[in-house]
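# Fold and contact review
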Amino acid sequence: MPGEKYVYTYDLHLFHAEKRSHQVVDIAKYPDQEVKIILFDFNKYPEYIYFTRKSRTCDEMDLCRVDTRTGEVFEIIHERCEPHFTEQLFECRILNGGEDILWWSERSGWGQYYLYNKDGQLKNPVTTGDFVAGRIMEMDTLGRSFVFEGYGREKGINPEYRLFYKVNFDGSDLTLLTPGDGFHSIDLAKNGKYLIDNYSRADQEPIAELRNMKGKKIMELERPDLRLLYETGWKKPERIRVKAADGMTDLYGVMYRPFDMDTTRKYPIIVNVYPGPQENFVPQSFTLDDNGNESLAQLGFIVVNVGFRGSCFTRGRNYHCFGYGNLRDYALADCKFVVEQLANRYSFIDLDRVGIYGHSGGGFMAAASILTYPDFYKVAVAASGNHDNNIYTKWWGETYHGVKMHEKKVEKRDSVVYSFGSKIPTTIELAKNLKGKLLLITGDMDINVHMAHTIRLANALMQANKRFDLMLIPGADHGLGSPYYVNLIRYYFVENLLGQRLDNVDMDEID
């Protein structure tokens, strides 16, 4: 749990079979540090082991080399990144027997790659600019180049779309390999001369193209024939771009409408949310019914899914870390402002009938939203929500909200004792604000977000004398996602946002 005293600690042991020896290597630096061994060709270069050690406060990290013959530890790189490292994108590659080290850093505010020598001296930046260089796809140590994911470099393209680039170790010849406006996946030919580029968007069917390693299109390979789908009346969702609550930051998302909608009518709007911080789950590529949002819209709703500030690690450190120290509230104002903007933009959206739902972090956000803006949201469904992040996993709360390290000198032993503390605001503290309809859902076998989160919120609502609904799904783990669960959400919005009472006993599909 965040701030707990007893956490995992790490040792490094060297065993020499032929010498029948055992040596404990001194790798200590940060109290309660996290240690990870870096993948390296140890069979070819058995003289060294490489590892990273990161502070429990998640803002300092070192790359170290261990001499396996002596046990000596050499600190190659020391990096400080406030408020925390973005571990989903972090990369470190030990190349050419350790002569070259490729190191990912957000020191500029944008994730970029830097080339070091074996002694930790910076040779040169490899990638630069106001965009995020992401995970490495392919490494060519002989040609001294690599292929990597990139986000936000191309103007006019959603900065959350994944594109691919190639660059040389010295930073030269940065080449866009996948120029199409969409979210890309690639397969590289074994001869290194070509790639297959598959890309799509929420409003564009997948396209497969053959390209060379300069990004030039050789030919289109295929795209799906969806005529039968469109003949059923299916329609593509609409990509939307709106502003965050600061009035400046662009947010991107998708809007779903009823296929037979009448634009002269008013429709309730439902926001499907997930605030991150490690992901936002807004669909970037083509899908028929993302998270059931398309089918939910057919019941008579406008459904939107938008990424908020703090919810996406591919848009730079400032955007990703927006919610640091404010893990309960950071996405709430953006969400409300998004709905208000859309209502101003589209006359068919009824701002008096606003619903919100989500699962896991989205369930947490849905409950926090209706309890923070009780006059704005009329209906909320919160499934498997981490309503009390103080009893959620340590890495989540300490990384994304923060943890304080305290030092205490012990004079008798002439030493320092370290302790850590973390306190995260919860939705439980807001229970007294409830006015609308709230459905809490949890599985009793959830080993990710324990059902205690939901039970604690339910208890707080009862203590506040509030009426709400609670569904405990027997035998269900964190994923939920059964047809019963999906229809439970549909029924709740139809009954409470459309005002149509459904008296059928069986939980059937709703026409």
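Residues numbered from 1 in each chain as written. Predicted model: local features only at pLDDT ≥ 70, side-chain atom pairs only at ≥ 80, totals over all residues. Heavy atoms only, no water.

## So, the sheet that holds strand S12 (residues 145–151)
Where we set the bar: Two strands pair under a simple rule: DSSP has to find at least two bridges between them. Labels follow the DSSP assignment, with helices taken as runs of H or I lasting at least four residues and strands as runs of E lasting at least two, numbered in each case from the N terminus.
A sheet is described by the order of its strands in space; here four strands give the open sequence S11-S12-S13-S14, paired in antiparallel fashion. The sheet is open, and its two edges are formed by strand S11 (132–140) and strand S14 (175–176), each paired on a single side. With six bridges joining them, S12 and strand S13 (residues 163–168) adopt antiparallel strand pairing. Note on S13: the bridge partner recorded for serine 145 is asparagine 168.

## A short note on the sheet that holds strand S20 (residues 250–256)
The condition is simple: To obtain an axis, a line is fitted to C-alpha atoms, over the contacting stretch when the element is a helix, and the angle between two such axes runs from 0 to 180 degrees between their N-to-C directions. Any two residues whose heavy atoms approach within 4.5 Å are treated as being in contact.
Taken in spatial order, the eight strands of this open sheet run S19-S20-S22-S21-S23-S24-S27-S28, and their pairing is mixed. Of all the strands in the sheet, just strand S19 (238–243) and strand S28 (469–473) have a single pairing partner and so form its edges. Sheet twist, expressed as the average angle between the axes of neighbouring strands with direction ignored, equals 20°. On the sheet, helix H4 (residues 332–345) packs against S19, S20, strand S21 (267–272), strand S22 (302–306) and strand S23 (349–359) and is oriented at approximately 115° with respect to S19.

## What to know about the side chain of glutamine 204
Under the convention used in this document: For each residue, the accessible area found with a 1.4 Å probe, counting protein chains only, is set against the maximum for its type, and the residue is called buried under 20%, exposed over 50%, and partly exposed in between.
Topologically, glutamine 204 is positioned in strand S17 (residues 204–212). Note on glutamine 204: relative accessible area 15%, which makes it buried. Leaving out residues up to four positions away in the same chain, glutamine 204 has contacts with Asp181, Tyr199 and Phe286.

## Side note on the environment of aspartate 225
As for its placement among the helices and strands, aspartate 225 is situated in the loop between strand S18 (217–222) and helix H1 (227–231). Sequence spacing of aspartate 225 and glutamate 205 is 20 residues, and the spatial spacing of their C-alpha atoms is 9.1 Å.

## Observations regarding the pairing of S28
A regular strand places its side chains on the two faces of the sheet in alternate fashion. The pairing of strand S27 (residues 437–443) with S28 spans five bridges and is classified as parallel. For threonine 442, the partnering residue across the bridge sits in S28 and is leucine 472.

## Things to note about unusual backbone geometry
Residue proline 83 is bonded to the preceding glutamate 82 through a cis peptide linkage, with omega at 5°. Structurally, the position occupied by proline 83 is in the loop between strand S6 (73–80) and strand S7 (92–95). Omega for the bond connecting glycine 276 with proline 277 falls within 30 degrees of zero, at 10°, which places this linkage in the cis form. Within the secondary structure layout, proline 277 lies in the loop between S21 and helix H2 (293–297). The phi dihedral of arginine 144 falls on the positive side, at around 55°, and the residue is not glycine. On the secondary structure map, arginine 144 appears in the loop between S11 and S12. Of note, the phi angle at aspartate 173 is positive, near 55°, even though the residue is not glycine. Considering the arrangement of structural elements, one finds aspartate 173 in the loop between S13 and S14. Under the relative-accessibility criterion, aspartate 173 is labelled partly exposed at 43%.

## Thoughts on the packing of aromatic side chains
To be explicit about the condition: Each aromatic pair joins two rings of Phe, Tyr and Trp (for Trp, the six-membered one) with centres within 6.5 Å, and gets the label stacked for planes under 30 degrees apart, edge-to-face for over 60, and tilted for any other angle. Remark: a charge is flagged as sitting over a ring if the NZ atom of Lys or the CZ atom of Arg is within 6 Å of the ring centre and within 35 degrees of the ring normal.
Enumeration over the complete set of coordinates arrives at 20 aromatic pairs. With a centroid separation of 5.7 Å and an interplanar angle of 20°, the aromatic rings of phenylalanine 148 and tyrosine 165 are classed as stacked. You can see phenylalanine 148 sitting in strand S12 and its partner tyrosine 165 sitting in strand S13, a full 17 residues away along the chain. This pair shows no difference in class: phenylalanine 148 is buried, exactly as tyrosine 165 is. Consider the rings of tryptophan 395 and tyrosine 400, whose centres lie 5.9 Å apart with planes at 70°: the pair is edge-to-face. When its relative accessible area of 3% is taken as the criterion, tyrosine 400 is described as buried. One aromatic cluster is present, built from ring pairs that chain together Tyr113, Phe131, Phe146, Phe148, Tyr165 and Phe169. Its guanidinium or amino end placed over the ring of phenylalanine 131, arginine 153 lies 6.0 Å from that ring's centre, counting from NZ or CZ. Lying across the ring of phenylalanine 376, lysine 336 places its NZ or CZ 5.1 Å from the centre.

## Re the nonpolar core
For clarity, the threshold we go by: Here, nonpolar core refers to any group of buried Ala, Val, Leu, Ile, Met, Phe, Trp, Tyr and Cys residues whose side-chain atoms link them within 4.5 Å.
Within the largest apolar cluster, 56 residues are counted, with the highest numbers of intra-cluster contacts made by Ile302, Phe308 and Leu342. If sequence neighbours within four positions are ignored, leucine 342 has contacts with Ile240, Val242, Ile269, Val304 and Ile349. The next biggest cluster of nonpolar side chains, apart from the first, holds 38 residues, and it includes Phe90, Cys92, Ile94 and Trp104.

## Quick notes on the pattern of salt bridges
Stated formally: We define a salt bridge as a side-chain nitrogen of Lys or Arg found within 4 Å of a carboxyl oxygen belonging to Asp or Glu.
On inspection of all chains with the given rule, the structure shows 45 salt bridges. One salt bridge connects aspartate 32 with arginine 56, and the closest N-O pair in it is separated by 2.8 Å. With a gap of 24 residues between them, aspartate 32 in the loop between strand S2 (21–25) and strand S3 (34–37) and arginine 56 in the loop between strand S4 (48–54) and strand S5 (60–67) connect regions that are remote in the sequence. When its relative accessible area of 3% is taken as the criterion, arginine 56 is described as buried. Each member of the salt-bridge network shares a partner with another, and the members are Lys29, Arg53, Asp62 and Glu75.

## Topic: helix H5 (residues 361–372)
Residues lying three or four places apart along an α-helix face the same way, a consequence of the helix completing one turn every 3.6 residues. Here is the rule: What a helix is expected to span follows from its residue count: subtract one and scale by 1.5 Å.
Look at H5: 16 Å from first C-alpha to last across 12 residues, which is about the 16 Å you get at 1.5 Å a residue. Listed in full, the buried residues belonging to H5 are Gly361, Gly362, Gly363, Phe364, Met365, Ala366, Ala367, Ala368, Ser369, Ile370 and Leu371. Against the buried residues of H5 lie H4, S23, strand S24 (379–383), S27 and helix H7 (452–463).

## A closer look at a nonpolar patch on the surface
Definition in use: Patch definition: residues with relative accessible area over 30% and no salt bridge; like charges joined within 9 Å; nonpolar side chains (Val, Leu, Ile, Met, Phe, Trp, Tyr) joined within 5 Å. Note on areas: Shrake-Rupley with a 1.4 Å probe; residue coverage comes only from the protein chains shown.
On the surface, Tyr194, Ile196, Ile218, Met219 and Leu221 cluster together to form a nonpolar patch covering roughly 420 Å² of accessible area. Every element with two or more residues in the nonpolar patch is listed here: strand S16 (194–201) and S18. The greatest single-element share of the nonpolar patch, amounting to three residues, is contributed by S18. The class of tyrosine 194 is partly exposed, set by a relative accessible area of 36%.

## Some details on the side chain of asparagine 158
Rules: Polar contacts here mean pairs of N or O atoms no more than 3.5 Å apart (in protein, one a potential hydrogen donor and the other a potential acceptor; neighbouring residues in sequence count only if both atoms are side-chain atoms).
Note that asparagine 158 resides in the loop between S12 and S13. By relative accessible area, asparagine 158 is classed as buried at 10%. In terms of polar contacts, asparagine 158 uses its side chain to reach the backbone amide nitrogen of glutamate 160, at 2.8 Å.

That's the geometry; what it means functionally is another story.
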